[in-house]
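The lines below spell out each chain.
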Amino acid sequence: YVGIAIDNADAYKNLSKKNKQLNDNIEKINSLNEGLENERQKSEKLLLNILPASIAERLKAGENVISDYFPEATVMFADLAGFTKMSAKLASPEKLVIILNDIFTEFDMVANKYGLEKIKTIGDCYMVAGGIPVTSTDHSERAAYAAVDMLKVFTEIKTNWKMDFGIRIGIHVGSIVAGVIGKNKFVYDLWGDTVNTASRMESHGVPGRINCSQDIYEKLKSKFIFEDRGEMEVKGKGIMRMFFLNDRK
């Protein structure tokens, strides 16, 4: 009986030791899984900072080429007029980046508020679009609301920084092609005459004003206050009628 008791005690000790080892291994596995999940969430967040959520999901699902045609979308450009000249007078390049970051971060918040998709920044120019990659019927209206808010936000930031530069905003609506280019560094971008025309609306605008095409005017004239600028010669487009969007009604 003594021998049996000793054997049972040894077996119990061995079992306890193995259970402890098993629990330790389970804890290590859980810790590794938690770390992997944290890294996955970080990677997911970074991907969503680069691409729209629906586009990111399509890429993860295995689509190699993403190209979509939208019969109608609204494109808006906001350019910091005079910023390049002013930036040459800044004491440090860090201050230039800080000012741009202040402005474009606020613009990002406005774009998110109205469900617009930020496409990219090009130097001191900010580009957003409505109605892509998820279609909608009120994209022009939301873009116009955003433009009005961006003017107000910009005025506040400009006053805080006591800087002498302005902002021109241009909006146009029409068909576009949107898609992802690149393999190592993904870029979601837009192509088509609508993009070019929206850019022309910005460049033919006036600092502190929102310049719109006649197509935008026709869509929004019942909800916003417009100022007719008449017809103007536009490079690559010929004669176009333009309107300043002053405010919502």
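See the structure above.
Here the structure is a predicted model, which means the values were calculated and not measured.

> Kindly report on the pairing of strand E8 (residues 238–248), identifying the contributing residues and their values.
Where strand E6 (residues 209–213) and E8 come together, four bridges link them in antiparallel fashion. Residue Ser 213 lies in a different strand from E8, and its bridge partner there is Met 242. Direction of pairing for strand E7 (residues 224–234) relative to E8: antiparallel, over a ladder of 10 bridges. Its bridge partner being in E8, Glu 227 is matched across the sheet by Phe 244. As consecutive antiparallel partners, E7 and E8 are separated by three residues, and within that stretch Gly 236 has a phi angle of approximately 80 degrees, a positive value.

> Run through the nonpolar core, naming residues and quoting values.
Counting residues in hydrophobic clusters, the biggest one holds 42 residues, and the most contacted among them are Leu 80, Ile 103, Phe 107, Phe 165, Ile 169 and Ile 210. Per-element tally for this core: the top contributor is helix H5 (residues 139–161), with 11 residues. Residues contacting Leu 80, with those up to four places away along its chain left out, are Leu 100, Ile 103, Phe 104, Asp 124, Phe 154, Phe 165, Gly 166 and Ile 167. The next biggest cluster of nonpolar side chains, apart from the first, holds 21 residues, and it includes Leu 59, Ala 73, Ile 132 and Val 180.

Cut-offs used in this document
Residues numbered from 1 in each chain as written. Predicted model: local features only at pLDDT ≥ 70, side-chain atom pairs only at ≥ 80, totals over all residues. Heavy atoms only, no water. Pairing = 2+ DSSP bridges. Helix = DSSP H or I, 4+ residues; strand = E, 2+ residues; numbered from the N terminus. Core = buried A, V, L, I, M, F, W, Y, C linked by side-chain atoms within 4.5 Å. Buried < 20%, exposed > 50% of the residue type's maximum accessible area, 1.4 Å probe, protein only. Contact = heavy atoms within 4.5 Å.

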